[in-house]
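Structural overview for review
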Amino acid sequence: MSGPLIPEFFSADSSSFRPSAIRAFAHLINDPRIISFAGGLPSPATFPAGMIAEVAADVLRERKEVALQYGPTAGLPRLRGAISSIASARGIRCTAESVLISTGSQQALHLVATVLLDPGDVVLVELPAYVGGLSAFYGRSAQLVGVRQDEDGIDPADLRSKAAQVRREGKRLKALYTIPNFQNPSGRLLSAARRAEVLAIAWEERFLIIEDDPYGELRFDESAVTRPIAADDPELEHVIYLGSFSKVLAPGLRCGFVVAAAPILQRVQLAKEAADLCSGMLDQCIVDEICERDLLRDQIARVRSFYEERAAALLTALETSFAGRAKWTDVRGGLFTFLTLDDESIDTRALVPRAVEAGVIFVPGSAFFVDGSGANAMRLTFAKEPDDRMREGIARLARLIS
Ligand code: PMP
């Protein structure tokens, strides 16, 4: 077949996919000469490789007929039960039947987008928002409308006004996509009062909340309230809750989950059957065994203290080099802080080539804002570099900006 004919075979939705602005940095993130604040990856130092090796060996020896076989589309039954216990401990009313295991929570985002969205449907997204979520919604040719955040997360007044505006324009508002806990990319925590308000607005304006919570367990500050929005929607009438083991165990174990009301979960299951029949059973068996042996609790404690130290080092470096010139999130968990320069005329995208030359890299803020704003911001992760390199990297960035 000759080249020029091919485009006529593509679906309209396939032309709606947008490349991730972050993937463009992938080759720089792993260059040892460059101090990277750009990646969103968990640190390999937190991966419990020894524990996984031991559990995997046992699983392969003792449960090969399960671990190496196809499994149920909704997931390994015992692991669905363990996940429902995890979700219940977070305050969500659910049973094993309310849980579907996905191939990472990214697949859950894709499946939820598939069952909810028709072309032109509106999804409200945070300003800034997680780019992987945006990709899933763009892939359904949805229209994304940004809702402002401040230091306490989503601004309820703006949420109400954007929902009303969508309605006035005669468009179909389907969902709000939000990451209330230590958001990627802002690191912000949605305040408890705002969670209640956001849920009330979803009821009033009749839209669903896609609550994505991969970072809630990475809490450094015990006083941080991470209770999911879903916990206050006991019948799960308005909230679809997503979680993941990627940040507490390892993202190579592609294990995420959806907790939702039965009618939604049934549709998601049908979509998943078409996508991959079932998630990797070896991965599920490993995670299942880790839960069964109660190894997760200590692992989470180790991961928390690792990132807590890293976060403190980055915040100190920012205080030293950026005080009086920028504001940044006072992170209480997760992997990121978000820095906004006081000088609104600076576009951080334009700084990237000089930053790379100086041996440092970050993600420019504009990548995360669907309304084209955020040019004077940048996302900084503290997951990648040891403390001394973070100090040096932040000092280099500060020199570039002055
Ligand atoms: N949601 C958010 C907010 C994320 O940051 C990520 C990973 N960067 C994901 C979902 C996807 O994670 P996974 O598929 O590994 O569970």
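Check the entry above for the structure.
Residues numbered from 1 in each chain as written. Predicted model: local features only at pLDDT ≥ 70, side-chain atom pairs only at ≥ 80, totals over all residues. Heavy atoms only, no water.

Turning our attention to helix α10 (residues 281-292). In this model α10 runs 16 Å from its N-terminal to its C-terminal C-alpha over 12 residues, within 8% of the 16 Å that 1.5 Å per residue would give. Of all 12 residues in α10, 10 are buried; the element is thus mostly enclosed. Along its buried surface, α10 packs onto α2 (49-62), α3 (64-67), α4 (77-89), β2 (99-102) and α11 (296-322). Note on α10: the residue one or two positions beyond its end, Asp-294, has a positive phi of about 60°. (Helix = DSSP H or I, 4+ residues; strand = E, 2+ residues; numbered from the N terminus. Expected span 1.5 Å × (residues − 1). Buried < 20%, exposed > 50% of the residue type's maximum accessible area, 1.4 Å probe, protein only. Contact = heavy atoms within 4.5 Å.)

With that out of the way, let us pick up a nonpolar patch on the surface. Taken together, the side chains of Leu-5, Ile-6, Phe-9 and Phe-10 make up a nonpolar region of the molecular surface, amounting to roughly 410 Å² of accessible area. Counting through the fold element by element, Ile-6 comes out in the segment before α1 (26-29). (Patch = residues over 30% accessible without salt bridge, like charges linked within 9 Å, V, L, I, M, F, W, Y side chains within 5 Å. Areas by Shrake-Rupley, 256 points an atom, 1.4 Å probe, with all protein chains shown as cover. Salt bridge = Lys/Arg side-chain N within 4 Å of Asp/Glu carboxyl O.)

A separate point is unusual backbone geometry. When glycine is set aside, most residues are seen to have a negative phi, and most peptide bonds are trans. Residue Pro-128 is bonded to the preceding Leu-127 through a cis peptide linkage, with omega at 5°. The residue Pro-128 is located in the loop between β3 (122-127) and α6 (131-138) in this model.

Right, let's get into the site of the ligand. Near the ligand lie 13 residues; those nearest to it are Ser-105, Asp-212, Tyr-215, Ser-244 and Ser-246. In the model, an oxygen atom of the ligand is placed 2.6 Å from a nitrogen or oxygen of the Tyr-215 side chain. Between Lys-247 and the ligand, the recorded distance is 3.5 Å, taken from a side-chain N or O atom to a nitrogen atom. Within the complex, 91% of the 400 Å² of free accessible area of the ligand lies under protein. For the shell around the ligand, the element with the highest residue contribution is helix α5 (residues 104-116), accounting for three residues. (Near = heavy atom within 4 Å. Polar contact = N/O pair within 3.5 Å; in protein donor to acceptor, adjacent residues only side chain to side chain.)

The next thing to look at is the environment of Ser-16. With respect to the helices, strands and loops of the structure, Ser-16 is situated in the segment before α1. Linking Ser-16 and Ala-142, residues 126 residues apart in sequence, is a C-alpha distance of 8.8 Å. Residues contacting Ser-16, with those up to four places away along its chain left out, are Tyr-138 and Ser-141.

Before going further, it helps to examine the pattern of salt bridges. Counting across every chain of the model gives 32 salt bridges. Of the charged contacts in the structure, one is a salt bridge between Arg-63 and Asp-288, with a shortest N-O distance of 3.1 Å. In this pair, Arg-63 is assigned in the loop between α2 and α3 and Asp-288 in helix α10, connecting sequence segments 225 residues apart. As far as the burial class goes, Arg-63 and Asp-288 line up, both buried. Glu-385 is the salt-bridge partner of Arg-389, the closest N and O atoms lying 2.6 Å from each other. The exposure class of Arg-389 is partly exposed, given its relative accessible area of 26%. The class for Glu-385 is buried, based on a relative accessible area of 3%. Several salt bridges share partner residues, and in doing so they unite Asp-58, Arg-61, Arg-63, Arg-78, Asp-288, Glu-289, Glu-292 and Arg-293 into one network.

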